[in-house]
Structure formats: C-alpha cells, structure tokens
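Reading the structure
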Amino acid sequence: LGAVGALSKQYWQYLACKVWQEGCDGEETEEKEQHERELLSFPGWSFPLVGQDYLEILSTWYCSFGKCCESGDCRIVNNITGLEADLSGQLHGQHLAKAVVVQALQGFLQSPRPPKALVLSFHGWSGTGKNLVARMAAARLYRDGLRSECVRLFISLLHFPHPQYVDSYKAQLQRQISETMQRCGQSLFIFDEAEKLHASLLDAIKPFMAHHDNKGQGDHQRAIFFFLSNLGGNTINEVALEFWRAGRAREEISMELLEQRLRLELQEAAENGYAHSHLLREQLIDVLVPFLPLQYHHVKLCARDAFLARGLPYTEAMLDEVAQMMVFVPKEEKLFSAQGCKSVPQRINYFLP
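Residues numbered from 1 in each chain as written. Predicted model: local features only at pLDDT ≥ 70, side-chain atom pairs only at ≥ 80, totals over all residues. Heavy atoms only, no water.

**What to know about the sheet that holds strand β3 (residues 186–192)**
A sheet is described by the order of its strands in space; here 5 strands give the open sequence β2-β3-β4-β1-β5, paired in parallel fashion. Two strands bound the open sheet, and with one partner strand each, they are β2 (151–155) and β5 (287–290). Looking at each pair of strands side by side, their axes are set apart by 15 degrees on average, direction ignored. With 6 bridges connecting them, β3 and strand β4 (residues 222–229) associate as parallel partners. Bridged to F189 within β4 is F225. Relative to the sheet, helix α8 (residues 166–183) contacts β2, β3 and β4, its axis offset from that of β3 by approximately 150 degrees. (Pairing = 2+ DSSP bridges. Helix = DSSP H or I, 4+ residues; strand = E, 2+ residues; numbered from the N terminus. Axes fitted to C-alpha atoms, helices over the stretch in contact; angles between N-to-C directions. Contact = heavy atoms within 4.5 Å.)

Here it is, written out as structure tokens:
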C-alpha cells in the first residue's frame, strides 16, 4: 500500500510538471528522485520503466484538448488519409479537384526540402466546393482547423475593403504572413475572392511564394497558399457542356485540357489584377485547380449531407424538392446549378417542423 500511494503521488507530480509546469522546482525534484529510489526496491513497481510510458501517453492525450506548446506546431497532424476520405464522401462532382489537391499536398509534405511554397489556385463557379476543400484541408492538416495559429484566412472584401488604405493593408498582410511563418514550421494561408485582391497586395504576397535556397534548413518554414476565385468558371462550364453534348462522361474531362484552357482565359482577362499578376507570369502558382459545375444529382447529394449534418430525417422526395428549388442553366438544357450547392443548407429550413 505504501508503494501504491507513493507511485500515485509520483504520477500526479509528473503530470503536473508535464502539463501545468507545476511541481518542478529543485526541492521537489530531489523528493521525486528519493521516491523513485524507494519504488525501485519493489519488484513490478518501477516508475521509470512503467509509469513514465503511461504518463507520456496521458500528457499527449491531454494536449489533444489543450495547449501544450508555445507554437501551433505541436497541433499539426497532416492527416492526408483523412482528407482523402473527407473529399471522397463530401465533395461531389469534382473528380479533378479531389485527385489534384491530395496529390499536391502529399507530395509537398513528403518532400524533405521543397524549393518553394505550395501554391494552389481554385477556380470555378460559386458553390462548387472551393471553400469546402479549403476548410477540409485546414481541418486535416491542423488539429484546430481554421482556428489554428498556423492558419490564416483572408477574405478580400472583408479584410481589404477600401482601396485608399491599400498601403496599410500591404504592411499588415506582410507582417501577419511573416509572423505566422516564424511561429509555425508549416503554415497555411487561404485567400478567398482572390480576383478582388488589389495588385499591390499580390505584390506583397509574392516574396513568400518565390523560390528560395533552403540548404541546411530542413523542413523549416513550409508554407501552403490557397487562392479561391470565380475566374475561369465560364471556361470550365463550357468544357463540361461540350462533353455533355458529345455524350461523354464528365469524368473523362482531363486536368491537362482544363488547365490549359484556364490559363488561356486568365491571360485574356481584360482588367484583373490577379489574372495579370506576377503569380501567373512568373509561374509561382503550381496548379490551377478546376471545379466543375454541379448537376441535379450532385445537388441532391449536397441536400442529403445538409440533412445529415443537422440530424434531420429525409426522404428521396425531400431531396428532389430541395434540388428543384435551385436555378439550372443554360436555359435550353437546364443542366448546371447556377449556385452550385451554396444555398442548399438554407433550403433545409423549409422542412423544419
């Protein structure tokens, strides 16, 4: 009983020291060493050999709920398998985006010394899944998702609304990116409504994405950039419509075809800072990720997900009713949802008791 009591006391002192940094002064350390010497005399009750392992597990479990380090690095998980499963189950009608995003992230994270930041530019109509993929990636790369200290989300019209203050925005943006990269060995930056970013802000971002000499730095300061934009949506939809009219499955649409058409449209864009920025001209964007327009059965799947997310029962007739509330284009075929799945969760409110 004396040995059990002493061991229990040691467990508590060790846990307090590991988690709350309490009970770690010199006197208590001497007392702990004395207890360990006493415990070693009892066969089967060796604290250093047995208790230490369990307490390491316990402190790791505690850290999954709390904050146990100064930076957010201890909460980076990089669960690519989980991301792949999420995309397969919740991202509908986007065979290209699923494959490209997983491959790009996996290759970047496995590289011992990437020569530059990973930069992905998401393109397509509103409601096709660009924000969904960005949120899923944040949730699977970081335990805290978008709330992580290593993730920064910028929405153009929300964070940079006034053109007259662009110089101030530029300094703030550079400082925030720099501080995040210094704090975290791996950081994620998401820019929503990228086509509305001022050219000066794009210039401010450029140095953080450029090629660099990282000899001897190992894995330090990896950065991932996601740009979300509606630019190129019309070109993507034209390709999807061409395939449908030719009787070909949308899964036959290749990445090579769409990315080439996308680059051509962006080069021909009249007056858009993002399309004519250094990001494209200097090949700083690694992949243009196309998001295809969603069809009727994709909208039904989104409706099913919305019902499940709220714990509500549903029938096939209810899913059809939600899908029929949406507007489909073009006028003749009524093939693609004009809003994708963007307003589907709000439509579920019509079925509340």
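Continuing now.
**Overview of the environment of T128**
Secondary-structure assignment places T128 in the loop between β1 (118–123) and α6 (130–141). The spatial distance from the C-alpha of T128 to the C-alpha of G233 is 9.9 Å, given a sequence separation of 105 residues. Ignoring any residue separated from it by four or fewer positions in sequence, one finds T128 in contact with L91, Q94, F291, L292, P293 and L294. Polar side-chain contacts of T128 include one of 2.7 Å to the backbone oxygen of W125. (Polar contact = N/O pair within 3.5 Å; in protein donor to acceptor, adjacent residues only side chain to side chain.)

**Thoughts on the confidence of the model for the protein**
Residue-level pLDDT values for the protein average 84, and 77% of them are 70 or greater. Contacts of residues 38–53 to residues separated by more than four positions or lying in other chains number 22 contacts, the stretch itself having pLDDT below 50. (pLDDT = per-residue confidence, 0-100.)

**A look at the nonpolar core**
Counting residues in hydrophobic clusters, the biggest one holds 76 residues, and the most contacted among them are L105, F122, F191, F225, F226, F227 and V289. With 9 residues, the single largest contributor to this core is helix α5 (residues 95–110). (Core = buried A, V, L, I, M, F, W, Y, C linked by side-chain atoms within 4.5 Å. Buried < 20%, exposed > 50% of the residue type's maximum accessible area, 1.4 Å probe, protein only.)

**Regarding the state of the cysteines**
Under the criterion given, the structure shown has 2 disulfides. Each sulfur in the disulfide pair C150 and C184 lies 2.1 Å from the other. Between C150 and C184 the sulfur-sulfur dihedral comes to about -85 degrees; the bridge is accordingly left-handed. Of this pair, C150 sits in the loop between α6 and β2 while C184 sits in the loop between α8 and β3; the two residues are 34 residues apart in sequence, bridging distant segments of the chain. C184 matches C150 in its accessibility class, with the two residues each being buried. (Disulfide = S-S within 2.5 Å.)

**Notes on the packing of helix α4 (residues 80–90) against α6**
Their axes nearest at 9 Å, the elements α4 and α6 cross at an angle of 150 degrees. With respect to α6, the axis of α4 lies roughly antiparallel. As α4 packs across α6, the resulting crossing turns out to be right-handed. The segment α4 lies against α6, with I80, G82, L83, D86, L87 and Q90 engaging L132, V133, M136, A137, R140 and L141. Here the contact of α4 with α6 is built from residues that sort into 8 nonpolar, 2 polar and 2 charged. (Parallel < 35°, antiparallel > 145°, perpendicular 65-115°, else oblique. Left-handed = near helix turned anticlockwise from the far one by under 90°. Nonpolar A, V, L, I, M, F, W, Y, C, P; charged D, E, K, R; others polar.)

**As for the packing of helix α10 (residues 233–245) against helix α11 (residues 255–268)**
In the contact formed by α10 and α11, the axes pass within 9 Å of each other and the chain directions differ by 140 degrees. With respect to α11, the axis of α10 lies oblique. Handedness of the α10/α11 crossing: right-handed. Every residue of α11 that contacts α10 at T235, I236, E238, V239, E242 and F243 is listed here: L257, L258, R261, L262 and E265. Of the residues in the contact of α10 with α11, the class split is 6 nonpolar, 1 polar and 4 charged.

**Digging into α10**
For α10, which comprises 13 residues, the first-to-last C-alpha distance of 18 Å matches the rise-based estimate of 18 Å (1.5 Å per residue) to within 8%. Looking at α10, one finds that the buried residues are G233, T235, I236, N237, V239, A240, L241 and F243. Tucked into the core, α10 has its buried residues touching β1, α11, β5 and β7 (336–337). Phi for G247, located one or two positions after α10, is positive at around 75 degrees. (Expected span 1.5 Å × (residues − 1).)

**What to know about the packing of aromatic side chains**
Taken as a whole and judged by the stated rule, the model has 14 aromatic pairs. Relative to F191, the ring of F154 has its centre 5.0 Å away and its plane inclined at 20 degrees; by these criteria the two rings are stacked. Highlighted residues: F154 in strand β2 and F191 in strand β3, separated in sequence by 37 residues. Assessed through its relative accessible area of 2%, F154 is described here as buried. Linked through ring pairs, F154, F160, Y165, Y169, F189, F191, F225, F227 and Y274 together constitute an aromatic cluster. (Phe/Tyr/Trp six-rings, centres within 6.5 Å; stacked < 30°, edge-to-face > 60°.)

**Concerning the side chain of D192**
You can see D192 is positioned in strand β3. The side chain of D192 is buried and forms no salt bridge, while K130, the nearest opposite charge, is found at 6.8 Å. Residues within four places of D192 in sequence aside, it is in contact with N131, F154, I155, S156 and L228. (Lys, Arg positive; Asp, Glu negative; His and termini not counted. Salt bridge = Lys/Arg side-chain N within 4 Å of Asp/Glu carboxyl O.)

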